[in-house]
Amino acid sequence: MTDSTAPVSARPLLIIDDDATFGRVLARALGSRGFEVIHAVNADEARALTRRHQPRYCVLDLKLGEENGLRLIPDLHRLVPDMRILLLTGYASIATAVEAIKRGAHDYLAKPVDADAVVRALVDGDGPHADDDEVLDAPEAPLALRRLEWEHIHRVLTECDGNISETARRLGMHRRTLQRKLSKHPVRERPDRDD
């Protein structure tokens, strides 16, 4: 049985990120904020640590080498149904955020991110009055054309479970063109000035 008033360290926090340096820095920062941190670098290790430690919280990277972190979310929830999962990514898109929430993530943050933002995302609303049906706000201004393209590409990529070849086929573009577009940083949602 779990005491809901227990400190956050009562159950471990699992960080799943294949970037060892980022994982170590985040683990140290979260450890100093009262979490008992364990770190996995791939999906198999994450499942094993989840079975062993039954973590209450999880910080999951979207890209785990060749693996897609979105696919891991349902597995983690099967092992620990009440686990609060925060998805982190360097490739932020609305489509990925929506897919992460559909698969069971509680929140979604774009890298780079600071430890305080991670803690807020993990523990805010972690109680009997938490609103799990929060709706994503639509942007106030229309998105730029390049941003719309970025969102569309990432939506199709998510639908294809990260398969680049299938995504390129569905988008009607060459695989190398798609890879080049994916390697670029996301464009801003709103232009800084009116042109």
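It should be emphasised that the depicted structure is a prediction, and the values quoted were computed from it without experimental measurement. (Residues numbered from 1 in each chain as written. Predicted model: local features only at pLDDT ≥ 70, side-chain atom pairs only at ≥ 80, totals over all residues. Heavy atoms only, no water.)

Asks: Mind laying out the overall build of the protein, listing which residues take part and the relevant values?
Replies: Secondary structure assignment for the protein yields eight helices and seven strands. Residues classed as buried in the protein amount to 38% of the 195 residues present. Sequence separation of at least 24 residues holds for 66% of the intrachain contacts in the protein that already meet a minimum separation of 6. Of the accessible surface of the protein, which amounts to about 11,600 Å², a share of 49% is contributed by carbon and sulfur atoms. (Helix = DSSP H or I, 4+ residues; strand = E, 2+ residues; numbered from the N terminus. Buried < 20%, exposed > 50% of the residue type's maximum accessible area, 1.4 Å probe, protein only. Contact = heavy atoms within 4.5 Å. Areas by Shrake-Rupley, 256 points an atom, 1.4 Å probe, with all protein chains shown as cover.)

Asks: Provide a residue-level description of the nonpolar core, including the pertinent values.
Replies: One broad rule of soluble globular proteins: the nonpolar side chains tend to lie buried together. One finds Ile-16, Leu-60, Leu-72 and Ile-85 to be the most contacted residues of the largest nonpolar core, which totals 23 residues. If you list the elements that add at least two residues to this core, you get strand 1 (13–16), strand 2 (37–40), helix 2 (43–53), strand 3 (57–61), helix 3 (69–79), strand 6 (84–89) and helix 4 (94–103). Broken down by element, this core gets its largest block of residues, four residues, from helix 3. Residue contacts for Ile-16: discarding those within four places in its chain leaves Ala-40, Asn-42, Ala-46, Cys-58, Val-59, Leu-60, Asp-61, Leu-64, Leu-72 and Leu-76. (Core = buried A, V, L, I, M, F, W, Y, C linked by side-chain atoms within 4.5 Å.)

Asks: Please give an account of unusual backbone geometry that cites residues and values.
Replies: For Gln-54, which is not a glycine, the phi torsion comes out positive at approximately 50°. Among the residues examined, Gln-54 registers a relative accessible area of 32% and is labelled partly exposed. For Asp-161, which is not glycine, the phi torsion reads 50° and is therefore positive. When you line up the elements, Asp-161 lands in the loop between helix 6 (145–159) and helix 7 (164–171). The exposure class assigned to Asp-161 is partly exposed, which follows from its relative accessible area of 32%.

Asks: Can you tell me about the environment of Gly-104, naming the residues and giving the values?
Replies: The topology assignment puts Gly-104 in the loop between helix 4 and strand 7 (107–110). Taking relative accessible area as the criterion, Gly-104 reaches 21% and is therefore assigned partly exposed. Taking the C-alpha atoms as reference points, Gly-104 and Ile-73, 31 residues apart in sequence, are found 6.4 Å from one another. In contact with Gly-104, other than residues within four places in its own chain, are Ile-73 and His-77.

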